[in-house]
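Listed below, chain by chain, are the residues.
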Amino acid sequence: LAVTGTFTQLVILANVAVLTLYLVHVFLYTRDEASKLVHLYVAGCYFSSLLGGVIADRFLGKYWTIVLFAIPYIVGQFVVGLSVEYLTYGALVLLALGSGIIKPNISTLMGLTYDQQRPGQEQLRSQAFAWFYVAINIGSFLSTIICPWLRDVFGKVDPATGIPADPQTGYLAAFMFPAMLMVVALGFFAAGKKYYAVEVIDRTPVSPEIRAARWKVVGQVFGLFFLVMFFWAIFDQHASTWIYFAEDYLDLNVVGFRIAPDSIQALNPLFIVMFVPLMNMLYAYLDRKGFKIRPTDKMIAGFILTAGCMGIHAV
């Protein structure tokens, strides 16, 4: 599951990592036009996770939902780099559906597996998710380093200007690399089926009252995801504003090497990989001292810190 999560995140971040400049260099979009499309794509990735939950819980189960939606996901990854505009739009739809449906079901399947095989060991499960998060961010870090580098090498980027002489070949190489890794990820995931939780889909007929109550909950969750979609549509600016800022204002030459402006995004997952083990040690220490930190408490603290950081940026 960790390997699959790592490679899946590598594919997702590979798209975001080079998508903005791909639209600018190949399709000659303005920066504003490219940013709008990238943020709509990111928002779609998050919103489609609700659809993935419904499909997995009501029809296919988490394992088969991941396997079946991985196939169009891989197809979309191969198609997005072909430098055909209408195909790119279609590929982004497949990728948004695939990432939104696959990612939450991998996490849920992991939690269900721990609940069945290690019942009651909440601290162990929490630590497992933390390391799973580290694995995912290793994929994020690698994608934001390797994909721009492949783009620059195969696209024959001028180190002085950062403009590729052959952008189509460069971006095709950048997108093909994670596509091949996703094929490997699917193989790893399928090979581990016997170790995952046993899934049972309950199709027992229920009363109209229970059915109405369930749909009410779905509606409430839909409203939450609708708000989250707009949040991510404007929050996740490392794939747009930060890239433009790096191009215009940062000295990208480090110890004799030029860093691609879109590789600036690698700092975020790098810091996550550095700090998650420290936070694991802190939470384990607090647990031994009798302070129970719930997952929701961690999320609230994260929201507060995120809001504070955005306020600092605004100032």
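The structure contained in this document is the topic of the report that follows. Just so you know, these numbers come straight off a predicted model, no measurement behind them.

Before going further, it helps to spend a moment on the layout of surface pockets. Volume-wise, the second largest pocket comes out at about 280 Å³. Along its surface, the second largest pocket is lined by Ile 145, Pro 148, Trp 149, Asp 152, Val 153, Val 157, Asp 158, Pro 159, Arg 258, Ile 259, Ala 260 and Ser 263. Broken down by element, the residue count for the lining of the second largest pocket peaks at five residues, all from helix H5 (residues 122–154). Here the residues of the lining of the second largest pocket are counted per class, giving eight nonpolar, one polar and three charged.

Scanning all chains against the criterion turns up ten aromatic pairs. For the ring pair Tyr 22 and Phe 175, a centre distance of 5.1 Å and an interplane angle of 70 degrees mean the geometry is edge-to-face. In this pair, Tyr 22 is assigned in helix H1 (residues 2–25) and Phe 175 in helix H6 (residues 167–191), connecting sequence segments 153 residues apart. You can call Tyr 22 buried: its relative accessible area is 0%.

Looking now at unusual backbone geometry. With a phi close to 60 degrees, Leu 28 is a non-glycine residue in the positive phi region. Note on placement: Leu 28 falls in the loop between H1 and helix H2 (31–60). The class of Leu 28 is exposed, set by a relative accessible area of 67%. Phi angles above zero are rare outside glycine, and Lys 156 is one such case at about 55 degrees. You can see Lys 156 is positioned in the loop between H5 and H6.

Cut-offs and rules
- Residues numbered from 1 in each chain as written.
- Predicted model: local features only at pLDDT ≥ 70, side-chain atom pairs only at ≥ 80, totals over all residues.
- Heavy atoms only, no water.
- 1 Å grid on protein atoms, 1.4 Å probe; cavity = no way out; pocket = protein on both sides within 12 Å on 5 of 7 lines; lining within 4 Å.
- Points joined across faces, edges and corners; volume = space filled by probe spheres on them.
- Helix = DSSP H or I, 4+ residues; strand = E, 2+ residues; numbered from the N terminus.
- Nonpolar A, V, L, I, M, F, W, Y, C, P; charged D, E, K, R; others polar.
- Phe/Tyr/Trp six-rings, centres within 6.5 Å; stacked < 30°, edge-to-face > 60°.
- Buried < 20%, exposed > 50% of the residue type's maximum accessible area, 1.4 Å probe, protein only.

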